[in-house]
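So you can see what is in the structure, the chains are spelled out below.
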Amino acid sequence: MVKGDVSSTPGLNTGILVQHRINDSRVSIESGVIYENMTYAVANEYFNPGGRPVSSKVSNISGSCTMIDVPVNVRYDMVHSKKEKLL
């Protein structure tokens with residue numbers, strides 16, 4: 001069990017998404033790639049894996065988590081207008 005917070009260093013979350021409307025319908029599909037990186041740091045006193053304390057020789061524990069997400073979204077517009085489109 002880990003008690004504590006994410007480290008004071010801010011994480012990174014960046015990516016690009018592209019949306020395509022299917023014909024002139026109200027349905028569109030969106031997909032892309034999102035890169036995420038988060039760092040963690042916790043003091044020894046708050047880290048108890050399996051309920052057992054860690055050796056007193058450890059002063060703190062740090063780690064990071066890096067992920068790449070590939071979201072796929074289907075969107076349905078309840079209100080559809082014929083306004084100008086960018087592309």
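Look a little higher up for the structure.
Cut-offs applied
Residues numbered from 1 in each chain as written. Predicted model: local features only at pLDDT ≥ 70, side-chain atom pairs only at ≥ 80, totals over all residues. Heavy atoms only, no water. Helix = DSSP H or I, 4+ residues; strand = E, 2+ residues; numbered from the N terminus. Buried < 20%, exposed > 50% of the residue type's maximum accessible area, 1.4 Å probe, protein only. Contact = heavy atoms within 4.5 Å. Pairing = 2+ DSSP bridges. Salt bridge = Lys/Arg side-chain N within 4 Å of Asp/Glu carboxyl O.

Q: Would you mind going over the environment of L17 in detail, with residue names and values included?
A: Topologically, L17 is positioned in strand β1 (residues 12–21). Accessibility expressed as a relative area gives 42% for L17, which makes it partly exposed. Spatially, the C-alpha atom of L17 lies 6.7 Å from that of E30, the residues being 13 residues apart in sequence. Residues contacting L17, with those up to four places away along its chain left out, are E30, S31, G32, I34 and P71.

Q: Which residues make up the pairing of strand β2 (residues 27–43), and what values do they have?
A: Relative to β2, β1 is paired through 10 bridges, and the arrangement is antiparallel. Bridging from a neighbouring strand, N13 pairs with E36 of β2. Where β1 folds back onto β2 in an antiparallel hairpin, the turn is made up of 5 residues, including N23, whose phi is positive at roughly 50 degrees. Pairing of β2 with strand β4 (residues 72–76) involves 5 bridges; the strand directions are antiparallel. Of the residues in β4, the one forming a bridge with I29 is V74. In this structure, β2 lies alongside strand β3 (residues 60–69), joined through 10 bridges in antiparallel fashion.

Q: Summarise the pattern of salt bridges; cite the residues concerned and give the values.
A: Going through the model one piece at a time under the given rule, you end up with 2 salt bridges. Its salt-bridge partner being R21, residue D77 comes within 3.0 Å of it at the nearest N-O pair. Here the residue D77 occupies a position in the segment after β4, and R21 occupies one in strand β1, the gap between them amounting to 56 residues. As a salt-bridge pair, D77 and R75 come within 2.7 Å of each other at their nearest N and O atoms. One continuous salt-bridge network, built from bridges that share partners, spans R21, R75 and D77.

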